[in-house]
Amino acid sequence: MEKSTELLRVSKKIVIKIGSSVLSNEKGSVNRDTLKNIADQVRYLRESGKQVIIVSSGAGICGVGAINKWDRRGDINYKQALCAIGQVELMQAYKEYLKAHGIIVAQMLLTAEDFRDCNRNLNIRNTLFTLVDEGVVPIINENDSVSVDEIKIGDNDMLAAYAAVLWNADLLILLSDIDGLYDKSPKEHDNARLIREVYDLDTLVDSIEIGEKSAFGTGGIMTKISAAKEAGKHNIPTIILNGRIQDILLNVANDCETNATAFLGFDIMSGR
Ligand code: ADP
């Protein structure tokens, strides 16, 4: 059995981060079919006894879809304004697709400072536990309109890792537009090799090449590695999967032949 299948099967509390690259199509607008399919998969996971928290990027892309005359404005206040507009669109889409399965969603917009402050940390934790215990799916994003450089987490990969740690998750899943971590950028090198299992992250990082991020991505593969490291420090394993592939989570759960990278290196199977 693939390690990713084994991990998904033994994990109850799962944080799923959905990258901009997953939700955007080639034209730079929101891929609603993918979003709907992710909602269908969340339903499947919950029906198999799992609890799910979503961390979702894509507000900027949704903003461009809503008010496309701004898509070339590079200045930061326009970018933040676009995200503010797009966040509503994004949540509307999640609400619609999950409501079809009888699932209520809740929005949580967070910044790095929220995780540094003990009181806020506790409040976030309590809210997350309450929502999940009541069967609601929290959807987290960085609060872009207050996140200037000094307080920015910077990328939702790290935000997802922080949320996973705070919620004592069993597993962090990062959905991107690639099948996992490669020894070099798969879009720049045809002979790039997928690394299926990572045990020693620090040694591995020195031996791989990091290429460009995707057109609509923010952090690139490096922030995924950092997120896996952060989660790993707390014994939470991470899996990178290609979220653009239909039913990818179902395929992993059912041990169908799937590409993935699983970050392990600690006794992940114990105590579950
Ligand atoms: P997301 O929006 O899902 O967070 P990003 O664009 O930020 O996605 O990061 C994923 C991108 O990182 C991939 O599209 C891939 O082309 C690029 N990349 C660069 N180097 C590597 C590597 N060694 N292995 C895997 N992906 C890589």
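Details of the structure are given in the entry above.
Here is what the cut-offs are and how they apply
- Residues numbered from 1 in each chain as written.
- Predicted model: local features only at pLDDT ≥ 70, side-chain atom pairs only at ≥ 80, totals over all residues.
- Heavy atoms only, no water.
- Core = buried A, V, L, I, M, F, W, Y, C linked by side-chain atoms within 4.5 Å.
- Buried < 20%, exposed > 50% of the residue type's maximum accessible area, 1.4 Å probe, protein only.
- Helix = DSSP H or I, 4+ residues; strand = E, 2+ residues; numbered from the N terminus.
- Contact = heavy atoms within 4.5 Å.
- Salt bridge = Lys/Arg side-chain N within 4 Å of Asp/Glu carboxyl O.
- Phe/Tyr/Trp six-rings, centres within 6.5 Å; stacked < 30°, edge-to-face > 60°.
- Lys NZ or Arg CZ within 6 Å of the ring centre and 35° of its normal.

An account of the nonpolar core is requested, with residue identities and associated values reported.
The nonpolar side chains of soluble globular proteins are, as a tendency, buried together. Of all hydrophobic cores here, the largest spans 44 residues; its most connected members are Val 15, Ile 140, Leu 172 and Leu 181. Among the elements of the structure, strand 2 (51–56), strand 3 (105–110), helix 6 (112–116), helix 7 (118–133), helix 8 (156–166), strand 5 (171–176), helix 9 (201–207) and helix 10 (220–233) are those that each provide at least two residues to this core. Apart from the residues within four sequence positions on either side, Leu 181 is in contact with Arg 193, Leu 194, Ile 195, Val 198, Leu 204, Ile 208, Ile 221, Ile 225, Ile 240, Thr 261 and Phe 263. Counting 37 residues, the second-largest nonpolar core is a separate cluster that includes Ile 16, Leu 45, Ala 260 and Ala 262.

How would you explain the pattern of salt bridges if you had to name every residue and give the values?
Applying the stated criterion across every chain yields a total of eleven salt bridges. In this structure, Glu 2 engages Arg 196 in a salt bridge whose closest nitrogen and oxygen atoms are separated by 3.3 Å. Remark: Arg 196 occurs in the loop between strand 5 and strand 6 (197–198) and Glu 2 occurs in the segment before helix 1 (3–10); sequence separation between them is 194 residues. Glu 2 gets classed as partly exposed once you look at its relative accessible area, which sits at 29%. Classification of Arg 196 as partly exposed rests on a relative accessible area of 33%. We note a salt bridge from Lys 224 to Asp 157, for which the minimum N-O separation is 3.0 Å. On the criterion of sequence distance, the pair formed by Lys 224 in helix 10 and Asp 157 in helix 8 is long-range, its members being 67 residues apart.

Which residues make up the packing of aromatic side chains, and what are the values?
One pass over the full model with this rule turns up one aromatic pair. Taking 5.4 Å as the distance between ring centres and 40° as the angle between the ring planes, the aromatic pair formed by Phe 115 and Tyr 162 counts as tilted. In this pair, Phe 115 is assigned in helix 6 and Tyr 162 in helix 8, connecting sequence segments 47 residues apart. Relative accessible area serves as the criterion here: at 27%, Tyr 162 is assigned to the partly exposed category. Over the ring of Trp 167 we find Lys 13, and its NZ or CZ is 4.9 Å from the ring centre.

Interpretation in functional terms is not warranted from these geometric data alone.
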